[in-house]
Protein chains: 2
Amino acid sequence: FQGGFGSPAANDPMWGYFTAIAGQDGEVDAEELQRCLTQAGFTGSYNPFSLETCRIMIAMLDRDFTGKMGFNEFKELFTALNGWKQNFMMFDQDRSGTVEPHEMSQAINAMGYRISPQALNVIIKRYNKGGRIYFDDYVACCVKLRALTDNFRRRDTMQQGAVSFRYDDFIVCTMSV
Amino acid sequence: FQGGFGSPAANDPMWGYFTAIAGQDGEVDAEELQRCLTQAGFTGSYNPFSLETCRIMIAMLDRDFTGKMGFNEFKELFTALNGWKQNFMMFDQDRSGTVEPHEMSQAINAMGYRISPQALNVIIKRYNKGGRIYFDDYVACCVKLRALTDNFRRRDTMQQGAVSFRYDDFIVCTMSV
Ligand SMILES: [Ca+2]
Ligand SMILES: [Ca+2]
Ligand SMILES: [Ca+2]
């Protein structure tokens, strides 16, 4: 673990906040992240994030597979979370804490993903509860969609929109989130 | 929806049980499945399944993407669940409700999956809590591993151990569970 006196991180206004949350090991795990997002009131009037969603948030950024986040990942996550929250609130106009399936498809389009009606249908079936999508599930969906898309693009070096996966690599890419 | 008087399903001893759980729509959704598994005491001294795990159990078998299970899927799920439970209990010898990471790797091998140490590491990082794997997370892992492997194999028609995925198909395969 790096950082410390005089490093660029130490001059960052978020650094003190990060170190307080991270505790002795200097990294943030899923329980610490859940506590921090709940205490910070990040979800506002929405239900707090489930531990499950916090785990996949970390998995998304955890490229060295330690199950924890360093400072840069922590900041990267907050940037992503703010974007997803803004996006969600744009569609949850009545602040019910849920969006409807057809709004979900607009939200996914607004994030720049171009997916087929079948893929959209799969996503909505997976993430709805009683026909509605709650903020926690919405974020879980965004995390997975981003991580899977990143994994795909990293392998699609010729940008052909197609990737040949060996079985083991497919499992690594898809079981991590 | 099929079944009814004189059909093979109606003569099946599990049919009455299924219809009682399924309710009026004749299919089992995630909430109904959770209630049924809890009331049946399926998890025994282990914690009941989370709704999240019940949702992916249904997603695994839900090939028409209705978010619900018919009778045949219901029976298929019970067969799979019994296998996973036996497998888990074989490694959880002290009945603590958890297995250790190295036992997890033996369990995955025992189920017939051949994956690399890196893939194993990814799986353990994703599904452990405090360094241990609980039964609920174990089953969630088994469900995903089975669904992803099935999706992969269905496309690997020449059995070459490699599949070329277009982006949209990759998302359909991986976001459904
Ligand atoms: Ca920590
Ligand atoms: Ca709403
Ligand atoms: Ca039902």
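Heads up: the structure comes first, above all this text.
In short, a report on the structure. Within each chain, residues carry numbers counting from 1 in the order of the written sequence. Think of it this way: whatever chain is written first is A, whatever ligand is written first is 1, and the rest follow in order. The predicted origin of the model limits local features to residues at a pLDDT of at least 70 and limits the giving and counting of side-chain atom pairs to 80 or more, whereas totals for whole chains, interfaces and linings rest on all residues. Each side-chain value is worked out from all heavy atoms of the structure, with water and hydrogens disregarded.

## Digging into the coordination of the calcium ion (ligand 1)
All names here are of chain A. Coordination of the calcium ion (ligand 1) by the protein is provided by A22 (O), D25 (OD), D25 (OD), E27 (O), E32 (OE) and E32 (OE), with metal-donor distances spanning 2.3 to 3.0 Å. Distances define the donors: N, O and S atoms within 2.8 Å of the metal qualify, as do those within 3.2 Å of Na, K or Ca. Water is excluded, so some sites may look unfinished. Square planar and octahedral assignments, for four and six donors respectively, both demand that opposite donors be over 155 degrees apart and that all other angles lie between 65 and 115; tetrahedral needs four donors with all angles between 85 and 135 degrees, and anything else is irregular. In this structure, the calcium ion (ligand 1) is coordinated by 6 donor atoms arranged in irregular fashion, with angles at the metal of 47 to 160°. All donor residues of the calcium ion (ligand 1) come from one chain, and their arrangement in sequence is A-x2-D-x1-E-x4-E. Burial status follows relative accessibility: with a 1.4 Å probe on protein chains alone, a residue under 20% of its type maximum counts as buried, one over 50% as exposed, and anything between as partly exposed. Looking at D25, the relative accessible area reads 35%, which means it is partly exposed. Given the relative accessible area of 14%, E32 is considered buried.

## What to know about helix 8 (residues 167–175) of chain B
A large share of helix 8 of chain B lies buried, amounting to 7 of its 9 residues. Secondary structure follows DSSP: runs of H or I at least 4 residues long count as helices, runs of E at least 2 residues long count as strands, and numbering of each begins at the N terminus. Those residues of helix 8 of chain B not exposed but buried are Y167, F170, I171, V172, C173, T174 and M175 of chain B. Those residues of helix 8 of chain B that are buried lie in contact with helix 6 (117–127), helix 7 (135–155), strand 3 (162–166) and helix 8 (167–175) of chain A together with helix 7 (135–155) and strand 3 (162–166) of chain B. In what follows, residue pairs with any heavy atoms lying within 4.5 Å of each other are defined as contacts.

## A closer look at the relation of the copies chain A and chain B
Least-squares fitting of one copy onto the other uses the C-alpha atoms of those residues that reach a pLDDT of at least 70 in both copies. For the pair chain A and chain B, the superposition axis carries a translation of 0.0 Å, the fit reaches an RMSD of 0.0 Å, and the rotation angle comes to 180°. Expressed as a symmetry operation, the mapping of one chain copy onto the other fits a two-fold axis. Considering only C-alpha atoms, the part of chain A nearest the rotation axis is S164 of chain A, at 1.9 Å. A share of 100% of the interface residues of chain A reappears at the interface of chain B, consistent with the copies meeting face to face through the same patch.

## Focus: unusual backbone geometry
All names here are of chain A. A positive phi angle, near 55°, is found at R95, a position not held by glycine. Positionally, R95 belongs in the loop between helix 4 (71–91) and strand 1 (98–99). Residue classification places R95 among the partly exposed positions, given a relative accessible area of 42%.

## Some thoughts on the interface of chain A and chain B
On the side of chain B, 44 residues touch chain A, which itself brings 44 residues to the contact. When the buried area of chain A at its contact with chain B is split by residue, R126, Y167 and M175 of chain A rank highest and sum to 20% of it. For this analysis, a salt bridge means a side-chain nitrogen from Lys or Arg found within 4 Å of a carboxyl oxygen belonging to Asp or Glu. Inspection of the chain A/chain B interface yields 4 salt bridges. What qualifies as a polar contact is a pair of N or O atoms within 3.5 Å, subject to a donor-acceptor requirement within protein and to the restriction that residues adjacent in sequence count only when both atoms come from side chains. Where chain A packs against chain B, one counts 21 residue pairs in polar contact (both at pLDDT 80 or more). Those elements giving two or more residues to the side of chain A that touches chain B turn out to be helix 3 (51–61), helix 6, helix 7, strand 3 and helix 8 of chain A. Throughout this entry, Asp, Glu, Lys and Arg are counted as charged residues, while Ala, Val, Leu, Ile, Met, Phe, Trp, Tyr, Cys and Pro are counted as nonpolar. The remaining residues, Gly among them, count as polar. Considered class by class, the residues forming the side of chain A that touches chain B number 22 nonpolar, 12 polar and 10 charged. Pairing between strands requires that DSSP locate at least two bridges from one strand to the other. In this structure, strand 3 of chain A lies alongside strand 3 of chain B, joined through 5 bridges in antiparallel fashion. Within the sheet, the bridge partner assigned to V163 of chain A lies in strand 3 of chain B and is F165 of chain B. Buried area: the sum, over both parts, of the accessible surface (1.4 Å probe) that disappears when the two are put together.

Read these as spatial facts, not as claims about activity.
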